[in-house]
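Descriptive analysis of the structure
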Amino acid sequence: METQIAGVKLTNPVCNASGPRDTTFEELQYIAHTESSVIVMKSCTINPREGNPEPRYKKTEYGSIQAMGLPNLGYHEYIKYAHILRAYDKPIMASVAGINIEDYAIIVQSFQSNNDVDLIEINLSCPNAGKSIIGYDLASMEEVLKQISKLGCIPIGLKLPAYYDDRYFEKVTDLVLKYNISFISCINSIGNTLCIDIDTESPVISPQEGFGGLSGHYIKPVAIANVRRFYRLLQGRVSIFGVGGVSSGKDVFEYILMGADAVQIGTAFQEEGEYAFQRILFEFEFILKKKGYKTIADFKGNLKYQ
Ligand code: DHB
């Protein structure tokens, strides 16, 4: 079940995604005790934020929608938490969000110099920061990468939005290689989506007139396609976290078949708690046994074409 992201060893290919149940110290300690192979922390900003008014997350028939508004305790707290969580002997990943372009370098510098996290995920794709998504603006993206890529030795990864256009896949690949990015996480929740309750004739969440980020089953075909595109373009030079609609062992298998090294779990962890990791890993192991695969390397990326 072992795998690696950017040279960091993971005991299994399943961990939590940044967002659900990972904002407070108690929640992070809870993750430390689960089978999640990494402790992934909530995207943090320079200053603490309360986020948007409730209801700001809603489970729906095929997944979930949220407009959380980046509620977090500010990066200083997560630097302290990472230091304490070191005791669990499990890789820790920070998630860095910026309200302004300059924020990224300040936060990354601080995680780099404290040296208590193993991976740093740069969130270039938050749909609810009140700004346009950096991952869709290649000039801003390059500016961020320029500022953060040489601040230390802890591997840096990019949490990317969903792309739909070939030019983006190619251009983003060029940037990833140019700035020595060590891993990518595909994809973030899909922004600018709406879910409606016909009884109330209202959106199911209240901020932003109901517009929010879509996650869960709905987005898996988009997410695995993004993983596959980047896997083909990057040719193993960069590790890949698959994210989006993982709620069964079959989903994990699909992502790894596309070329992912590991997967992150958002909606299913929000809804099921630690049982999600146990169940999904159990189902995944069952599939491997049935197929006679002994390691992840036996099938990673080996999608067969008809
Ligand atoms: C939030 C949502 C996201 O999808 C994300 O990547 C970061 C933050 C939020 O609204 O809190």
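In the block above lies the structure referred to throughout.
Quick look at the structure, then. (Residues numbered from 1 in each chain as written. Predicted model: local features only at pLDDT ≥ 70, side-chain atom pairs only at ≥ 80, totals over all residues. Heavy atoms only, no water.)

1. With respect to the sheet that holds strand β16 (residues 262-265)
Taken in spatial order, the eight strands line up as β3-β16-β15-β10-β9-β8-β7-β4 in an open sheet, and their pairing is parallel. Two strands in the sheet have a free side with no partner beyond their single neighbour: β3 (14-16) and β4 (39-44). Each strand axis lies, on average, 25 degrees off the axis of its neighbour in the sheet, ignoring direction. One ladder, built from four bridges, connects strand β7 (residues 92-96) with strand β8 (residues 119-123); its direction is parallel. Looking at β8, one finds that valine 96 is bridged to isoleucine 122. Against the sheet, helix α3 (residues 101-114) makes contact with β4, β7, β8 and β9 (156-160), and its axis sits at roughly 170 degrees relative to β8, the strand it touches most. (Pairing = 2+ DSSP bridges. Helix = DSSP H or I, 4+ residues; strand = E, 2+ residues; numbered from the N terminus. Axes fitted to C-alpha atoms, helices over the stretch in contact; angles between N-to-C directions. Contact = heavy atoms within 4.5 Å.)

2. Here we look at the nonpolar core
Within soluble globular proteins, side chains that are nonpolar generally end up buried alongside one another. The biggest cluster of nonpolar side chains holds 82 residues, and the ones touching the most others in it are Phe111 and Ile122. Among the elements that make up this core, the one with the highest residue count is helix α9 (residues 275-291) (seven residues). Core analysis: the second largest hydrophobic core is formed by eleven residues, Val8, Leu10, Met93 and Phe241 among them. (Core = buried A, V, L, I, M, F, W, Y, C linked by side-chain atoms within 4.5 Å. Buried < 20%, exposed > 50% of the residue type's maximum accessible area, 1.4 Å probe, protein only.)

3. Describing the pairing of strand β14 (residues 212-215)
Looking at chain direction, strand β6 (residues 63-66) and β14 are connected through three bridges and run antiparallel. Paired with glutamine 66 across the strands is glycine 213, a residue of β14. Note: strand β11 (residues 190-193) against β14, two bridges, orientation antiparallel. Counted as the bridge partner of threonine 193 is glycine 212 from β14.

4. Some words on the sheet that holds β6
Reading across the sheet, the four strands line up as β5-β6-β14-β11 and stay open at both edges, with antiparallel pairing between neighbours. Lying at the two open borders of the sheet, with one neighbouring strand each, are β5 (57-60) and β11. Between one strand and the next, the sheet's axes are offset by a mean angle of 30 degrees, whatever the strand orientation.

5. Quick notes on the environment of lysine 90
Checked against the element boundaries, lysine 90 lands in the loop between α2 (75-85) and β7. Among the residues examined, lysine 90 registers a relative accessible area of 14% and is labelled buried. Through-space distance from the C-alpha of lysine 90 to that of aspartate 103 is 27 Å; in sequence the pair is 13 residues apart. Once residues lying within four places of it in the same chain are set aside, the contact partners of lysine 90 are Ile31, Ala32, Thr34, Glu35, Ser36, Ser37, Val38, Ile39 and Asp118.

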